[in-house]
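Descriptive analysis of the structure
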Number of protein chains: 2
Amino acid sequence: MTCRYATRMGKTPRSFIREILKVTESPEIISFAGGLPNPALISVKDIAEAARSVFESGGVAALQYATTEGYLPLREFIADRYRQRLGLDVGPDEVLITSGSQQALDLIGKVFLDAGDVVAIERPGYLGAIQAFSLYEPCFCPVPLEEDGPALSALERTLEERDVRLFYGVPNSQNPSGITWSREKRECVASLLDGTDTVFVEDDAYGELRFSGRSLSPVKKYLPDSTVLTGSFSKIVAPGLRMGWICAKPETLDRLVVAKQASDLHSSTFAQRVLARYLQDTDIDAHVREICRVYDRHCTLMASLIDDLFPDGVTRTEPDGGMFLWVTLPPGLSSMALFERALAERVAVLPGLPFYVDGGGENTVRLNFSNADEDGITEGMHRLARALRA
Amino acid sequence: MTCRYATRMGKTPRSFIREILKVTESPEIISFAGGLPNPALISVKDIAEAARSVFESGGVAALQYATTEGYLPLREFIADRYRQRLGLDVGPDEVLITSGSQQALDLIGKVFLDAGDVVAIERPGYLGAIQAFSLYEPCFCPVPLEEDGPALSALERTLEERDVRLFYGVPNSQNPSGITWSREKRECVASLLDGTDTVFVEDDAYGELRFSGRSLSPVKKYLPDSTVLTGSFSKIVAPGLRMGWICAKPETLDRLVVAKQASDLHSSTFAQRVLARYLQDTDIDAHVREICRVYDRHCTLMASLIDDLFPDGVTRTEPDGGMFLWVTLPPGLSSMALFERALAERVAVLPGLPFYVDGGGENTVRLNFSNADEDGITEGMHRLARALRA
């Protein structure tokens, strides 16, 4: 017997990345395809010590049911850090702990999207958000991404012509492009959205990983009421804890809490408490600086190898943070064909196609510079250059 | 500015239990309102030891991104245990790890339910399932629960008259009633559903907590293809790990994996590995036997206090497992009024109303016997009897 499934399942992109990552799991392949942090920058020993300490002091409370909103000391840490780092005035009652920032996107879709609602998204846009929102059957409207953020005229036209429910963007070191929105663009986007019904979903997974230039204020600072801001500990502590959050005004947070409770009651008490203890006992600023120092070196190395080894006509972005470089091949060259040839050379890349909700991007490639070490990057880029020349 | 929210948010019951649990959190209140395991039966020391051992041997893999399906040794444990305990022949490729069995329900809603689809559910039915499914805007059809399972004639009529997408039930020690479906009813339900388009969602959160009589085969045994079976480690290990699972045929599991990936990528790698290690190093059968022994004693004590102290006309169920007793007050008595009076006596109960998708149940009460210890149960039931007599 074949089951009937919900309509939404037909609208969710078959996970291209998942299929690709399966192919690239083999140890002899150097992978620039995923989005994993560098394993040497995950503080296993300190997290183990935090776990030991939680069991010693908290005991059974760390293993029992808990509130949906999340562990208060963790929410306080997040609110305090927003205040200190970005001058953003939010309290712990505006923070909901989620199972990674992927769950934040799912809950935002649940709370805001009816089938057919319009979601504006950067072009190229983050695949994980496209997947999460797709389950709520929206209509996507791409807004072209320029070197300093979204094309304002296109955004303005979209807002005029369509009833845009959500505008989703990644203003810091965007995934997949590595682009950071300028301060001017942030202010302009906020002023375009101000007074409209559109909610801005500000995905800030990479804001702490800024390795050149100063941190810019989030759009939420200019548009506090209508911005739902998401964050993640996956990039600065460890992805396996699955700890992220949503920061939104209390009225919206209240709905998100109802959705979260229906979705999984609450995130792991255990992981929340271990994380909170780790953050309390460690110098997280020093750890983040170390991550930035290493990723800066990785990014510079990868960029210089692109410039030295790749054929003329290949262009790339100039990230000031994050984990990704975005490469555009000369017109007519196919990134899917490159993917195949690269795999034969034992290096994996991610073709850019799935980041385009309206098709296109056939000659674009996303390269991850966080996961591999410098030797791996050097060897991998030579392999990739051979594949490109083939 | 007031935000617009999705239509589904208006259809999700405001969390009655959450509001009630907040009132009952005060330490001087003895609570029979929640559904927490007994804290003395959570093996903090052994889980701490498992965590230590995972960090020592697994290291960074326990903190990195992982596959959506879940940690293979944990999925193998679940499949093996189904085979050993219940003679159910499933492989690890039919198991998806979820963040508690609440997330299992959310994913099942995502994968199967379009707005307006019919979900048949026991009456009274589990509130967490009503909440999870509500977000997918179904139409609920209650099937009265008799002493040995659902009323077959009502189920048959519902299946004939409506295009039932899902039938959701808790055959072992049901929440809220404590009722266990008889073997005959399981076979009859399977044969009624066989050959139809209806998927049976078999929630088996309490199957291991059976303290009298032998374990019965799950409905999935009689209806393997069309049954989606969910399970949880919350009741036999610890709820704070948020570890549950879905067991379904590969074709269905594949859709559930896509939905899970869009929802939160995967459940905590860390919690999965610690749990797997704990299960490997502990005598889980002995631990489950101990839980059953204690809950049996609690249930017997609470039942005898109901019989001794409560006024004539109060009836109760006779659970053979699980965590809940279900009490029906004489007609005309209101469980909401009892809730208020009980709170004044510093004891909390859960009025049965939110378990009825079509209204009713005003004189029903759910009592949890797992969380409090025997002194607490004795004192609490005396307080409750005073409230009842008031």
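Please read these numbers as outputs of a predicted model, since none were measured by experiment. All chains use their own residue numbering, which begins from 1 and follows the written sequence. As a convention, the first chain written is A and the first ligand written is 1, with the rest following in written order. Local features in this predicted model are restricted to residues whose pLDDT is 70 or higher, and side-chain atom pairs enter the listing and the counts only when it is 80 or higher, whereas totals over whole chains, interfaces and linings include all residues.

1. Quick word on the interface of chain B and chain A
Contact between two residues is assigned whenever their backbone-derived C-beta positions fall within 7 Å. Taken together, the contacts link 62 residues of chain B with 62 residues of chain A. Secondary structure elements follow DSSP: runs of H or I no shorter than four residues count as helices, runs of E no shorter than two count as strands, and numbering proceeds from the N terminus. No other element matches the eight residues that helix α10 (residues 250-264) of chain B contributes to the side of chain B that touches chain A. Three classes are used, and their members are as follows: Ala, Val, Leu, Ile, Met, Phe, Trp, Tyr, Cys and Pro are nonpolar, Asp, Glu, Lys and Arg are charged, and the others, Gly among them, are polar. Taken together, the residues that form the side of chain B that touches chain A break down as 33 nonpolar, 18 polar and 11 charged.

2. Thoughts on the nonpolar core
When a protein is soluble and globular, its nonpolar side chains tend to lie buried together. In these notes, a nonpolar core means any group of buried Ala, Val, Leu, Ile, Met, Phe, Trp, Tyr and Cys residues linked to one another through C-beta atoms within 7 Å. Our exposure labels follow a C-beta count within 10 Å of each residue's own C-beta, placed from the backbone: buried means 20 or more other C-beta atoms, exposed means 12 or fewer, and partly exposed covers the counts in between. Residues Leu275 and Val349 of chain A together with Leu275 and Val349 of chain B are the most contacted members of the largest nonpolar core, which totals 238 residues. Filtering out sequence-adjacent residues up to four positions away, Val349 of chain B remains in contact with Phe32, Ala33, Leu338, Phe339, Ala342, Val365, Leu367 and Leu384 of chain B.

3. Things to note about the sheet that holds strand β13 (residues 350-351) of chain B
Residues and elements named next belong to chain B. If you trace the four strands from one edge of the open sheet to the other, you get β10-β11-β14-β13, paired in antiparallel fashion. The open sheet has two edge strands with one neighbour each: β10 (315-316) and β13. By this definition, two strands are paired if DSSP reports at least two bridges between them. Pairing analysis gives two bridges linking β13 to strand β14 (residues 364-368), with the strands arranged antiparallel. Residue Leu350 lies in a different strand from β14, and its bridge partner there is Arg366. Strands in contact with helix α12 (residues 284-309) are β10, β11 (324-328) and β14; relative to β11, the strand with the most contacts, it is inclined by about 15°. Only the stretch in contact is used when a helix axis is fitted, and all axes are lines through C-alpha atoms; the angle between N-to-C directions ranges over 0 to 180 degrees.

4. Quick word on the pairing of β11 of chain B
Residues and elements named next belong to chain B. Burial analysis of β11 places four of its five residues in the buried class, which makes it a mostly covered element. Where β10 lies against β11, two bridges are found, and the strand directions are antiparallel. The residue bridging Arg316 from the neighbouring strand is Val327, located in β11. Bridging between β11 and β14 involves five bridges; their strand directions are antiparallel. Each residue of the ladder has a partner; that of Thr328, found in β14, is Thr364.

5. Structural notes on the relation of the copies chain B and chain A
Copy-to-copy alignment: least squares on C-alpha atoms, limited to residues at pLDDT 70 or above in both. Aligned on chain A, chain B shows an RMSD of 0.0 Å; the corresponding rotation is 180° and the shift along the axis is 0.0 Å. Each copy turns onto its partner about a two-fold axis. Both copies contact each other with a shared surface, as 100% of the interface residues of chain B are interface residues in chain A too.

Spatial relationships are all this shows, so hold off on functional conclusions.
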